[in-house]
Amino acid sequence: MPGDDSTNILKLKKLLLQEEIDRLDRIEAQLDDPGAEAEKVSRVIAEAVAMRSGKDNMLSKALEPIVESSLRQNLQKRPQDYINILFPIIGSTIRKSISETFTSMLSSFSKGLETSFSLKGLRWRMEAMRSGKSYSEVAMLYTLVYSVDQAFLVHSETGLLLAHAVREGTESKDADMVSGMLTAIQDFAKDCFNKEGDQSALNSLKMDDYTVFIEQSPSVYIACVTRGTPPPEFPAKLRECIELILAEYREPLLHFTGDTTPFAGADKYLLDLLGAKFIDENKKLSKKIKAIPITMLVLLLLLFAYKSYYNYRMNKGVDLISEQQGVLLIDVKKYWRFKPWQVVILRDALAPRAEDILENNGLKKNLLTIRSIPFISYQPELIERRVISKLAIPPTATAVFENGALKLQGTADINWILDARQVALTTPGVLRVDTSDISDPRFDELQEMVTEIEKTRIRFPLGRALPIPEDADKLETAVNRLSELEKLAKRMRINVSLTVYGHADIVGSDKQNYEISLERAKTIAYMLYARGSHIPVSIFGMGASYASDSRESLESRKIELKVNLVPSAEGLYFK
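This text gives an overview of the structure that appears in the document. (Residues numbered from 1 in each chain as written. Predicted model: local features only at pLDDT ≥ 70, side-chain atom pairs only at ≥ 80, totals over all residues. Heavy atoms only, no water.)

## Observations regarding the packing of aromatic side chains
- This model, assessed by the stated rule, comprises five aromatic pairs.
- Their ring planes at 70 degrees and their centres at 5.8 Å tell us that Phe 213 and Phe 234 sit as a pair that is edge-to-face. Of this pair, Phe 213 sits in strand β4 (residues 210-216) while Phe 234 sits in helix α8 (residues 234-248), and the two are 21 residues apart along the sequence.
- Given the relative accessible area of 22%, Phe 213 is considered partly exposed.
- Ring geometry for Tyr 306 versus Tyr 310: centroids 6.5 Å apart, planes at 35 degrees, classification tilted. With Tyr 306 and Tyr 310 both in helix α11 (residues 287-322) and four residues apart, the pair spans about one turn of that helix.
- Using a relative accessible area of 11% as the deciding quantity, one classes Tyr 310 as buried.
- Clustering of aromatic rings is evident, with ring pairs tying together Tyr 249, Phe 256 and Phe 263. (Phe/Tyr/Trp six-rings, centres within 6.5 Å; stacked < 30°, edge-to-face > 60°. Helix = DSSP H or I, 4+ residues; strand = E, 2+ residues; numbered from the N terminus. Buried < 20%, exposed > 50% of the residue type's maximum accessible area, 1.4 Å probe, protein only.)

## Observations concerning unusual backbone geometry
- Positive phi is not limited to glycine here, since Asn 403 has a value of about 55 degrees.
- Mapping Asn 403 onto the fold places it in the loop between β10 (397-402) and β11 (405-411).
- Taking relative accessible area as the criterion, Asn 403 reaches 67% and is therefore assigned exposed.

## Describing the packing of helix α15 (residues 442-455) against helix α16 (residues 469-491)
- Following both chains from N to C, one finds α15 and α16 inclined at 155 degrees, their axes separated by 10 Å at the closest point. Considered as vectors, α15 and α16 are oriented roughly antiparallel to each other. In this structure, α15 meets α16 at a crossing whose hand is left-handed. On the side of α15, the interface is formed by Arg 442, Glu 445, Leu 446, Met 449, Val 450, Glu 452 and Ile 453, while α16 contributes Thr 477, Arg 481, Leu 482, Glu 484, Leu 485, Leu 488, Ala 489 and Arg 491. (Axes fitted to C-alpha atoms, helices over the stretch in contact; angles between N-to-C directions. Parallel < 35°, antiparallel > 145°, perpendicular 65-115°, else oblique. Left-handed = near helix turned anticlockwise from the far one by under 90°. Contact = heavy atoms within 4.5 Å.)

## Here's the deal with the nonpolar core
- The biggest cluster of nonpolar side chains holds 45 residues, and the ones touching the most others in it are Leu 406, Trp 416, Leu 482, Leu 485 and Leu 498.
- The element that contributes the greatest number of residues to this core is α16, accounting for seven residues.
- Not counting residues within four places of it along the chain, the set of residues in contact with Leu 482 comprises Ile 453, Leu 498, Ile 524, Leu 528, Ile 535 and Val 563.
- Listed in part, the 24 residues of the second largest apolar core include Tyr 146, Cys 241, Ile 242 and Tyr 249. (Core = buried A, V, L, I, M, F, W, Y, C linked by side-chain atoms within 4.5 Å.)

## Observations regarding the sheet that holds β11
- An order of β10-β11-β12 is seen for the three strands of this open sheet, with the pairing classed as mixed. Among the strands making up the open sheet, the edge pair consists of β10 and β12 (432-439). On average, adjacent strands in this sheet sit at an angle of 15 degrees to one another, irrespective of strand direction.
- Docked against the sheet, helix α14 (residues 414-425) engages β10, β11 and β12, running at close to 160 degrees with respect to β12. (Pairing = 2+ DSSP bridges.)

## Notes on the packing of α16 against helix α17 (residues 510-530)
- At a minimum axis separation of 10 Å, α16 and α17 run at an interaxial angle of 50 degrees. Overall, the two elements α16 and α17 adopt an arrangement that is oblique. For α16 against α17, the interelement crossing comes out right-handed. Taking contact as the criterion, the partners of Leu 475, Glu 476, Val 479, Leu 482 and Ser 483 in α16 are, on α17, Thr 523, Ile 524, Met 527 and Leu 528.
- For the contact of α16 with α17, the residue count by class is six nonpolar, two polar and one charged. (Nonpolar A, V, L, I, M, F, W, Y, C, P; charged D, E, K, R; others polar.)

## Brief notes about α15
- Over its 14 residues, α15 runs 20 Å from end to end, which matches the ideal 20 Å to within 8%, given 1.5 Å per residue.
- Residues of α15 that are buried include every one of Arg 442, Leu 446, Met 449, Val 450 and Ile 453, and no others. On an axial view of α15, the arc spanned by its buried residues comes to 100 degrees, and they lie on one face. In α15, the exposed residues that point more than 90 degrees away from the buried face are Asp 444, Glu 448 and Lys 455. (Expected span 1.5 Å × (residues − 1). Arc of directions from axis to C-beta.)

## Some words on the pattern of salt bridges
- One pass over the full model with this rule turns up 19 salt bridges.
- The closest approach of N and O atoms between Arg 167 and Asp 149, which form a salt bridge, is 3.2 Å. You can see Arg 167 sitting in the loop between β2 (161-166) and α7 (175-193) and its partner Asp 149 sitting in strand β1 (residues 146-155), a full 18 residues away along the chain.
- The class for Asp 149 is buried, based on a relative accessible area of 1%.
- With its nearest N and O atoms 3.2 Å apart, the salt bridge here joins Glu 555 to Arg 459. In this pair, Glu 555 is assigned in the loop between β15 (537-541) and β16 (558-567) and Arg 459 in strand β13 (residues 458-459), connecting sequence segments 96 residues apart.
- Among the residues examined, Glu 555 registers a relative accessible area of 49% and is labelled partly exposed.
- Several salt bridges share partner residues, and in doing so they unite Arg 459, Asp 471, Lys 474 and Glu 555 into one network. (Salt bridge = Lys/Arg side-chain N within 4 Å of Asp/Glu carboxyl O.)

Structure, rendered in structure tokens:
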């Protein structure tokens, strides 16, 4: 049967090829299992890395981005761990650097004090004047010993050493190793301390007596190993050197692939950076020359003393002027030379002149050059003087200025009171005038006349507009008093007006009563106008509105007078 043949063939294959089939199954299982592959690679990875590293640098280039990315991510995630690891090293270095800096600074300061009053100090001061430098800069240049022992030119990106120079007599280590370490330290500092986008770079390192100064550029940097403190112009010299190198080796730097051959002549620039400086203590000077500093010191002390006294007098003059009421100090321009100071002040017209102030205090009036600008002072004392000087205050009155208000007290003519009020309100600094405690004595007389006139009651016969004989004299007296009142009020700048109310009893019709009451009110108006009076008169016929209940009442047939006093236009503000 065909089926039996297939079965027999399979059995035969197993008998003959079973071992090979099992081996193929194991190989297939291993290929499908990533763990098995990883285990195999782990057995030979170390040897493979060692073999590849010995042939070329391709493995380093391949792993560099991975290692760099991993290190950056770890620094961002756990910066504190790296700080804890590096703190004992970097912290100690920083503390030692600060200590050395302060030691060097104190040493220089001490040396400067020692030489300030010596011939050497005088020589340094003369050199500072001649060269345009400060004395401290020249002193530092001569008191500090320094030397530049080594200079390295290093490619910034790869860390490869391009050129190296060593001062004669200086022991040098492996220059390639030093350049690599310097590059690594700079990269480490950037990764640890620079924020994103920050291009700051390390510019110096300190180790015991040695300081490494680093001048950076995008493609190369120069590192100089120094002892002591180089002169202030040393950083500028470094920058000049690197600019010359960048200019000469521009093309090799742009196409740099690791070949340092094109930079064989770059050490000529580095050699210019090397050198040393020592103090010469062997020169001796004569006693006459040594006495020069003492003489100069005495002269300087005398000059300083006189200048101090000169400035004291100037300051005293300025203080005396600024303390005066009505004087405001704006600016003082002082001079180191013996020249009058320029003073700018604001001066009120009531304040004394600045020159007079100086002379009254025993100083020369030309001690200061004074520019005076007129202004109005709002000091209370000057406001009071200003406003009182404008008022001819009578003996019976007083004026006091307080809190922006001028208070008038006592008695005075109303015309003076009104004029004084107007003048005071136009004076700068016076906000209001209080006249509640001052009055014109004639007001009492005026008020008595008004009271007398308003108390007058003039009665009329039934149906008549002329007063009864008994009250005719009252009407005449009232008209005379009104004329007198008008004249007195005019002198006091007060306008007078009169209101007359006519009344009737209940006899007759309302129309008749109104007409007769109106005619009675007109009677006094006719009499006033007949005598030339200009008092405005308002008349009102009240009819029998206010008559008594009795049918015919003499007391209801009358006129009433009401005097109105109104300040004139000149006295509108008078209260």
